[in-house]
Amino acid sequence: MTSVSPLPNDEQTLTIAEVSEQTGLSHDTLRYYEKAGLIERVGRNSGNQRRYATADLAWLAFLLRLRETGMSIADMQHFAQLRGAGDATITDRLTMLRTHRGALADHMRSLRRNAKALDNKIKHYEQLLTERPGTDPK
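Note that the structure is predicted; figures quoted are calculated from it, not measured.

Visitor: Got a minute to help me understand the nonpolar core in this structure?
Guide: Proteins that are soluble and globular tend to have nonpolar side chains buried together. Membership of the largest hydrophobic core comes to 23 residues, with the highest contact counts inside it found for Tyr33, Ile39, Tyr52, Leu60 and Leu63. Within the residue set of this core, elements represented by two or more residues are α1 (16-23), α2 (27-35), α3 (54-68) and α4 (73-84). Once you skip the residues sitting within four places of it in the chain, Leu63 turns out to touch Tyr33, Leu38, Ile39 and Met76.

Visitor: Sorry, what's going on with the pattern of salt bridges here?
Guide: Think of it this way: side chains of opposite charge can pair up when their charged atoms draw near. Within this structure, the stated rule accounts for three salt bridges. Linking Asp28 and Arg31 is a salt bridge whose minimum nitrogen-to-oxygen distance equals 3.0 Å. One end of the pair, Asp28, and the other, Arg31, are both in helix α2, three residues apart, so they sit about a helical turn from each other. Note on Asp28: relative accessible area 56%, which makes it exposed.

Visitor: Looking at this structure, I do not really get the sheet that holds strand β3 (residues 50-53). What am I missing?
Guide: Strand pairs in the sheet, formed through backbone hydrogen bonds, run parallel or antiparallel to each other. Across the sheet, three strands lie side by side as β1-β3-β2; this open sheet has antiparallel pairing. Each end of this open sheet is capped by a strand with a single partner; those strands are β1 (13-14) and β2 (43-44). Here β2 pairs with β3 via two bridges, running antiparallel. Counted as the bridge partner of Arg44 is Arg50 from β3.

Visitor: How do you make sense of the packing of α2 against α3 when you look at a structure like this?
Guide: Each pair of packed helices gets described by two things: the angle between the helix axes and the distance between those axes. The contact between α2 and α3 brings their axes to 13 Å, and the two run at 95°. In terms of orientation, α2 lies roughly perpendicular with respect to α3. Contact with α2, carried on its side by Thr29, Leu30 and Tyr33, involves Leu60, Leu63 and Arg67 of α3 and no other residues of that element. A per-class count over the contact of α2 with α3 returns four nonpolar, one polar and one charged.

Visitor: Is there a simple way to explain the packing of α1 against α3 in this structure?
Guide: At a minimum axis distance of 11 Å, the contact between α1 and α3 shows a crossing angle of 45°. Taken together, the axes of α1 and α3 lie oblique to each other. Like other packed secondary-structure pairs, α1 and α3 cross with a definite hand, here right-handed. Packed against α1, whose contacting residues are Val19, Gln22 and Thr23, the element α3 presents Leu57, Leu60 and Leu64 at the interface. Of the residues belonging to the contact of α1 with α3, the class tally is four nonpolar, two polar and no charged.

Conventions we followed
- Residues numbered from 1 in each chain as written.
- Predicted model: local features only at pLDDT ≥ 70, side-chain atom pairs only at ≥ 80, totals over all residues.
- Heavy atoms only, no water.
- Core = buried A, V, L, I, M, F, W, Y, C linked by side-chain atoms within 4.5 Å.
- Buried < 20%, exposed > 50% of the residue type's maximum accessible area, 1.4 Å probe, protein only.
- Helix = DSSP H or I, 4+ residues; strand = E, 2+ residues; numbered from the N terminus.
- Contact = heavy atoms within 4.5 Å.
- Salt bridge = Lys/Arg side-chain N within 4 Å of Asp/Glu carboxyl O.
- Pairing = 2+ DSSP bridges.
- Axes fitted to C-alpha atoms, helices over the stretch in contact; angles between N-to-C directions.
- Parallel < 35°, antiparallel > 145°, perpendicular 65-115°, else oblique.
- Nonpolar A, V, L, I, M, F, W, Y, C, P; charged D, E, K, R; others polar.
- Left-handed = near helix turned anticlockwise from the far one by under 90°.

Here it is, written out as structure tokens:
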């Protein structure tokens, strides 16, 4: 039998459906995040249903930012482990975030270069179409 994590005493809790609605994460993804160690073991009610603390939403929002900015699941797991280990890991977490931010800046520069190249190609084709009589560039 699985042990049931206690629920916070004085804190409102949310169902998996409510968290899914607020975060955009599916029920399966939320369960995966728990199993993968990205979020701490979620408390359960007497019916063994997951009940998320409202504080979990801020952490999930941050995980989504990490994911959306290209951090790997493995790195997200490592960051979550460091976070769970407490204040002694703040320097390591800061280093991870700075490294990730640097990679993100590089990626953004690359995207801007690629967008400019696409814009130039679009202009080229639009110009070709306008130079031909009877064609509509749109």
